Amino acid sequence: MTKLNKMALQRITRKDFIKNSSILLAGSSMLSCSSLFAGSQSERNDNNKSTAIGDAFMLKNVRLETGFEYEEGEVIATRTGLFLIEISNGKIKAIQPNNPNANAIDAKGLLLLPAFKDMHIHLDKTFYGGPWQARRKKNRTVGDMITYEQQILPAMLSTSTERAESLIELLQTHGSSFARSHVNIEPTSKLDSLKNLQQALENKKDSFAAELVAFPQHGILRSRSQHLMQEAAKMGIDFIGGLDPQAIDGDMEKSMDFVLQLALDHHKGIDIHLHEGGENGLKTVNYLIDRVNENPALKGKTFISHAFVLARLDKSKQEEIAEKLANARIGIISTIPFGSMIMPIPTLYNYGVDVRTGNDSIVDHWDTFGTGSVLQKANLMAQLYGYSTELELSRCLKLATHNILPLDEKGNQQWPKAGDTADLVLVDASCSAEAVSRISPVKSLIHKGRIVY
Ligand SMILES: [Zn+2]
């Protein structure tokens, strides 16, 4: 983008924004999504306020998937049609036959999909928005990283609200209007990382929603964070986190019992980081499965992030654990790692495990490879596990939308329906399969019936 274009965009006012929203929806390459957010902090806040377009509006020329086309029993294409969609009070009010002459915002034939969800990210600590910085060589282990964090967190906290807002804007440009964010709870940040992130989320509440995990990044027992975790549990968080209970805390059962009890006492879910492999990792997985089965209140609310241990098990053991996870309704959240670590994602899906994904780190001291796109994760999954047909690619979209797909396996339309929350994206693609395969650009995001861009 030229400097001139950028300056012109920064001058877009609230009125212009609304007036131009049909142009924006048309997806002009000059008015790219990210450029809307190119201004300073105050300008960004101003843009944020300007995103509401009113309670009710209509979108015309919206492309929806309507079915599959078959040849010799195989899905060879996805059928689509254009529709008129009425949005009111944050919900889809009606889906009607298209009317090109309707007094409505023109979606210009872009494909409508459910808005995306980033289910594992650390919005509270990022270098994003600041100068480029790669990961340091000396920080090899989780233990090394804890020491490093203790040095850099105080400075990071001074800008963490602003950085979190920038990161939210990045996610939005890639079609996510929801995130599950882990937030550091440890003696260096105390509860400040949480407070700063809650401020950022408050500032963004019209265009973005999140659920929070109290994350004892420096170990619960190791850094004596029990008291802070108990405080955090009373501060509007949704999940109790954990971290490598044997490797970091040195006492798997004691560490996990603390997490489980805190979640039960406060009616929260659980989402632990488990990088540990081998016997220790497997023991933790089995321990969690057993405790969740004993406490059904935790079923459907308990997640293991990363769970690298599953990648190293032999096939029959992977299947056995997948079945137990599905029965206990424990979900697995994976960034879809590749290289030496290939997670058994297809096996997890086969057994009905709730699989979710997220960017985890965008640009921070842990990792700099997150792009902000969960559609890219769906693409990565397709490439890694060989999902290449029209039907297979179309199914991969569920990783980005958390299991909402426009068509079911048989090609019956199941989304959107009148009454659905209007969390929507318009994508420059002809169908879901193409969107996954090409990581098609997201041209518009609508959050609870409000046009974000
Ligand atoms: Zn993480």
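Residues numbered from 1 in each chain as written. Predicted model: local features only at pLDDT ≥ 70, side-chain atom pairs only at ≥ 80, totals over all residues. Heavy atoms only, no water.

(A) The layout of surface pockets, seen in detail. Here the largest pocket defines a volume of roughly 850 Å³. Around the largest pocket sit 31 residues that line it, and Phe308, Thr335, Asp360, Trp366 and Asp367 are the ones nearest its centre. Of all the elements in the fold, those that place two or more residues in the lining of the largest pocket are helix 6 (142-157) and helix 14 (375-385). Looking at which element gives the most residues to the lining of the largest pocket, the answer is helix 14, with 3 residues. (1 Å grid on protein atoms, 1.4 Å probe; cavity = no way out; pocket = protein on both sides within 12 Å on 5 of 7 lines; lining within 4 Å. Points joined across faces, edges and corners; volume = space filled by probe spheres on them. Helix = DSSP H or I, 4+ residues; strand = E, 2+ residues; numbered from the N terminus.)

(B) A negative patch on the surface, seen in detail. Together, Glu71, Glu72, Glu74 and Glu392 give the surface a local cluster of negative charge. Tracing the backbone shows Glu74 in strand 2 (residues 74-88). (Patch = residues over 30% accessible without salt bridge, like charges linked within 9 Å, V, L, I, M, F, W, Y side chains within 5 Å. Areas by Shrake-Rupley, 256 points an atom, 1.4 Å probe, with all protein chains shown as cover. Salt bridge = Lys/Arg side-chain N within 4 Å of Asp/Glu carboxyl O. Lys, Arg positive; Asp, Glu negative; His and termini not counted. Charge placed at Lys NZ, Arg CZ, Asp CG, Glu CD.)

(C) Fine view of the pairing of strand 11 (residues 302-306). Burial runs high along strand 11: 5 of the 5 residues are buried. The pairing of strand 10 (residues 269-274) with strand 11 spans 5 bridges and is classified as parallel. The residue bridging Asp271 from the neighbouring strand is Phe303, located in strand 11. In this fold, the crossover linking strand 10 to strand 11 by way of helix 11 (residues 278-294) has right-handed handedness. Pairing analysis gives 4 bridges linking strand 11 to strand 12 (residues 330-334), with the strands arranged parallel. Bridge pairing links Phe303 to Gly331 in strand 12. Traced from strand 11 through helix 12 (residues 315-328) to strand 12, the parallel crossover comes out right-handed. (Buried < 20%, exposed > 50% of the residue type's maximum accessible area, 1.4 Å probe, protein only. Pairing = 2+ DSSP bridges. Right-handed = clockwise from strand over helix to strand, strands pointing away.)

(D) Main features of the packing of aromatic side chains. Per the counting criterion, the structure on display carries 2 aromatic pairs. Note on Phe239 and Phe303: the rings are 6.0 Å apart at their centroids and 75 degrees apart in plane angle, and the pair reads as edge-to-face. With Phe239 in strand 9 (residues 239-243) and Phe303 in strand 11, this pair connects stretches of sequence that are 64 residues apart. Each member of the pair Phe239 and Phe303 is classed as buried. With centroids separated by 6.5 Å and ring planes inclined at 45 degrees, the aromatic side chains of Tyr385 and Tyr387 adopt a geometry described as tilted. Relative accessible area serves as the criterion here: at 18%, Tyr385 is assigned to the buried category. Just above the ring of Phe303 sits the side chain of Arg180; from NZ or CZ to the centre is 4.2 Å. Of note, Arg291 hangs over the ring of Tyr287, and the distance from its end group to the ring centre comes to 4.5 Å. (Phe/Tyr/Trp six-rings, centres within 6.5 Å; stacked < 30°, edge-to-face > 60°. Lys NZ or Arg CZ within 6 Å of the ring centre and 35° of its normal.)

(E) Structural context of helix 6. Along its length, helix 6 reaches its greatest deviation from straightness, about 45 degrees, at Gln151, and the proline Pro154 lies no more than four positions downstream. Within helix 6, burial applies to Val142, Gly143, Met145, Ile146, Tyr148, Glu149, Ile152, Leu153, Met156 and Leu157. Buried-residue contacts for helix 6 involve helix 7 (160-173), strand 7 (176-184), helix 8 (192-203) and strand 9. (Bend = angle between axes of the 7 residues up to and from the residue. Contact = heavy atoms within 4.5 Å.)

(F) Layout of the coordination of the zinc ion. Looking at the zinc ion, one finds its protein donor set to be His120 (NE2), His122 (NE2), His273 (NE2) and Asp360 (OD), positioned 2.1 to 2.5 Å from the metal centre. One can describe the site at the zinc ion as irregular: its 4 donor atoms subtend angles covering 86 to 173 degrees at the metal. Expressed as a motif, the donor residue spacing for the zinc ion is H-x1-H-x150-H-x86-D. A residue is classified by how much of its surface remains accessible, and His122, at 5% relative accessible area, is buried. (Donors = N, O, S within 2.8 Å, 3.2 Å for Na, K, Ca; no water. Tetrahedral: all angles 85-135°; square planar, octahedral: opposite > 155°, others 65-115°.)

(G) View of the nonpolar core. Counting residues in each nonpolar core, the largest one holds 101 residues, and the members touching the most others are Ile304, Leu310 and Leu325. Discounting chain neighbours no more than four positions away, the residues touching Leu310 are Gln318, Ile321, Leu325, Ile332, Met343, Pro344 and Leu348. Phe57, Phe83, Ile87 and Trp415 belong to the second largest nonpolar core, which has 18 residues in total. (Core = buried A, V, L, I, M, F, W, Y, C linked by side-chain atoms within 4.5 Å.)

(H) Local environment of the confidence of the model for the chain. For the chain, the average pLDDT comes to 88, and 88% of its residues sit at 70 or higher. Of the regions scoring below 50 in pLDDT, residues 1-53 engages in 80 contacts with residues more than four places distant in sequence or in other chains. (pLDDT = per-residue confidence, 0-100.)

(I) Layout of the pattern of salt bridges. Inspection of the entire model under this criterion finds 13 salt bridges. Put simply, Arg180, Glu211 and Asp271 are held in one network by salt bridges that share partners.

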